[in-house]
Amino acid sequence: MQRRLPYLSFSALLAFATGCDLPLDGGSRGDLGAGSFNYDCVATGDAVCNRTGAVDANHTEIVLGISREVPLLVAVGGRFDLSFRPDGGSAAFVEPARRRGVSVQGGFSISDPGVHAFLARTRDGEVADFIHVEARRIAELEIWSEGVPISGVSLAVGERLTIAALPVDHQHTPLAGGSSWHWSNPQTGEVELEAAPGPFDGAAQLDDEVVIVGLAEGTTTVAVQRGDATAEIPIEVTPAEEVTP
Amino acid sequence: MSRLAWIAVVVGLATGCTSDHSLEYTLLSDPPESVLLSDDVIEIPAGVAVAARVVPIEDDERGSQRVRFAPQRVGIIGIENVADEDRAFVLWGMEPGQSDVDVSFDGERVLRIQAVVTEPRIGAE
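Residues numbered from 1 in each chain as written. Chains lettered and ligands numbered in written order. Predicted model: local features only at pLDDT ≥ 70, side-chain atom pairs only at ≥ 80, totals over all residues.

Topic: the overall build of chain B
Scanning chain B from terminus to terminus reveals one helix and 10 strands. Along chain B, helices (α) and strands (β) appear in the sequence α-β-β-β-β-β-β-β-β-β-β when read from the amino end. Within chain B, the proportion of its 125 residues that are buried is 29%. Taking as baseline every contact in chain B between residues at least 6 positions apart, the subset at least 24 positions apart corresponds to 57%. (Helix = DSSP H or I, 4+ residues; strand = E, 2+ residues; numbered from the N terminus. Buried ≥ 20, exposed ≤ 12 C-beta atoms within 10 Å, placed from the backbone. Contact = placed C-beta atoms within 7 Å.)

Observations concerning the overall build of chain A
On a plain count of helices and strands, chain A comes out with two helices and 18 strands. By the burial criterion, 44% of the 245 residues in chain A qualify as buried. Partitioning the contacts of chain A with sequence separation of at least 6, the portion at a separation of at least 24 is 66%.

Observations concerning the interface of chain A and chain B
Residue-level contacts link 26 residues of chain A with 26 residues of chain B. Partitioning the side of chain A that touches chain B into residue classes produces nine nonpolar, eight polar and nine charged. (Nonpolar A, V, L, I, M, F, W, Y, C, P; charged D, E, K, R; others polar.)

Some remarks on the nonpolar core
In terms of nonpolar packing, the biggest core is built from 85 residues, with Leu-119 and Phe-130 of chain A together with Ile-77 and Leu-91 of chain B touching the most fellow members. In terms of residue count, the dominant contributor to this core is strand E9 (residues 127-136) of chain A (six residues). Counting contributing residues per domain, this core is built from domain 1 (5-136) and domain 2 (140-238) of chain A, each supplying no fewer than three. Apart from the residues lying within four places of it in its own chain, the contact partners of Phe-130 of chain A are Gly-30, Asp-31, Leu-32, Ala-117, Phe-118, Leu-119 and Ala-120 of chain A together with Ala-49 and Val-90 of chain B. (Core = buried A, V, L, I, M, F, W, Y, C linked by C-beta atoms within 7 Å. Domains from an automatic or database assignment.)

Focus on the sheet that holds strand E18 (residues 229-238) of chain A
Residues and elements named next belong to chain A. Pairing is mixed across the open sheet formed by four strands, whose spatial order is E12-E18-E17-E14. Of all the strands in the sheet, the pair left with one neighbour each is strand E12 (153-156) and strand E14 (182-184). Neighbour-to-neighbour, the strand axes of the sheet open up by a mean angle of 25°, direction not taken into account. Bridge count between E12 and E18: four bridges; the pairing is parallel. Each bridged residue has a counterpart across the sheet, and for Leu-155 the counterpart in E18 is Val-237. (Pairing = 2+ DSSP bridges. Axes fitted to C-alpha atoms, helices over the stretch in contact; angles between N-to-C directions.)

As for the sheet that holds strand E13 (residues 160-168) of chain A
Sheet strands pair via backbone hydrogen bonds, and the direction of the pair is either parallel or antiparallel. All names here are of chain A. Across the sheet, five strands lie side by side as E11-E10-E13-E16-E15; this open sheet has antiparallel pairing. Every other strand in the sheet has two partners, leaving strand E11 (148-149) and strand E15 (191-195) as the edge strands with one partner each. Sheet analysis places E15 next to strand E16 (residues 209-214), joined by five bridges and oriented antiparallel. Residue pairing in the sheet places Ala-195 in a bridge with Val-210 of E16.

Description of helix H2 (residues 57-64) of chain A
All names here are of chain A. All of the buried residues along H2 are Thr-60, Val-63 and Leu-64. Relative to the axis of H2, the buried residues are bounded by an arc of 85° and lie together on one face. Looking at the packing, one finds that the buried side of H2 touches strand E3 (73-75). Backbone geometry just downstream of H2 places Gly-65 in the positive-phi region, at approximately 85°. (Arc of directions from axis to C-beta.)

Some words on the confidence of the model for chain B
Close inspection of predicted coordinates is inappropriate for parts of the model with low pLDDT. Residue and element names in this part refer to chain B. Chain-level pLDDT for chain B is 86 on average; 82% of the residues reach the 70-or-more range. Averaged pLDDT values over the elements of chain B bottom out at 38 in helix H1 (residues 3-15) and peak at 98 in strand E8 (residues 88-93). In this model residues 1-17 is a low-confidence stretch, pLDDT under 50, and it forms three contacts with partners more than four residues away in sequence or in other chains. As scored by the predictor, the complex reaches a pTM of 0.84 and an ipTM of 0.84. (pLDDT = per-residue confidence, 0-100.)

Looking at the domain arrangement of chain A
Residues and elements named next belong to chain A. Assigned domains of chain A: these are domain 1 (5-136) and domain 2 (140-238). Every contact between the two is made by 28 residues of domain 1 and, on the other side, 31 residues of domain 2. Only H2, E3 and strand E4 (79-86) provide two or more residues apiece to the side of domain 1 that touches domain 2. Looking at the side of domain 1 that touches domain 2, its residues break down into 15 nonpolar, eight polar and five charged.

What about the environment of Glu-159 of chain A?
By the element assignment, Glu-159 of chain A lies in the loop between E12 and E13. Between the alpha carbons of Glu-159 of chain A and Leu-215 of chain A there is a distance of 8.2 Å; along the sequence they are 56 residues apart.

Some points on unusual backbone geometry
Phi angles above zero are rare outside glycine, and Glu-146 of chain A is one such case at about 50°. Along the polypeptide, Glu-146 of chain A turns up in the loop between strand E10 (140-145) and E11. The class of Glu-146 of chain A is partly exposed, set by 13 C-beta atoms lying within 10 Å. Its identity is not glycine, yet Asp-60 of chain B carries a phi of approximately 65°, on the positive side. The exposure class of Asp-60 of chain B is exposed, given the 7 C-beta atoms found within 10 Å.

The structure is reproduced here in structure tokens:
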């Protein structure tokens, strides 16, 4: 699988050697090298825009990229946006090579798995550049907290813990693209779920990250769903820790 | 036209001795899946794009004519110039299917290529 970090590294070296500034919004070079494609999160729960640190960024950026790089893999049904910034010449808009299987309402969303080229077209219809993205179905939702994947949570009464769900394919490779999530728990009083801080906070039920707050001693579960994919982890709430002066 | 010239034209038509046209492709990008570009067939998977520099060949001579591609069916294959490049083209598979593509040199149709857009490959699922 190709990686785009070497480009950034090369760019960084070039910038250092020439004294030029790197573009702040990085992006990925198109296949023709005529400009850069930039990725933007346009929907809740996109792992690319995970900001809480629940998921280890070093783990995801290999595939999902950094500095608005275009991810190598996106989830089928995940929503995202691409824009093109030419090195010179006229501006261009981005459109998918395949119209069928790619929704263009409010960004892009791929419903057919496989490789999809995205073309930067000029006003004259010519192609300034293009880039490929591969869409894969979500095989599993991994649950992460504090930078590691987890299979259960133990927290004390009064403690707060941010967890995140990460969509992955069959090879456990992270997938980009936002979508609505649904978090739930039996609401038997042991925990409550709050929205995680971030660009799409305010809707705990819709984001890929959620804060678990320990309320009362006991055991319960927290479940998350995105489309057909679901995951559930056990939660143990222990007595509040005594604070010694 | 002299009697001798008329005879030459008639003999040429009868024996198929007309100008020979072809295309020379040089890939400008590295497509993620295999793509075939030739004078007879263009084969590309749906969803894949490739860029190529195209030089017209007439009677084994590299020419300077303006090359244009005209797919005969809409929505199967896309072929457009690379921006500000007269001889570079981007070809992409739009949907699985087949379409003839007429090729013209300086506005004169000289070739017909069969474009075959194949089913997209589904990666690791």
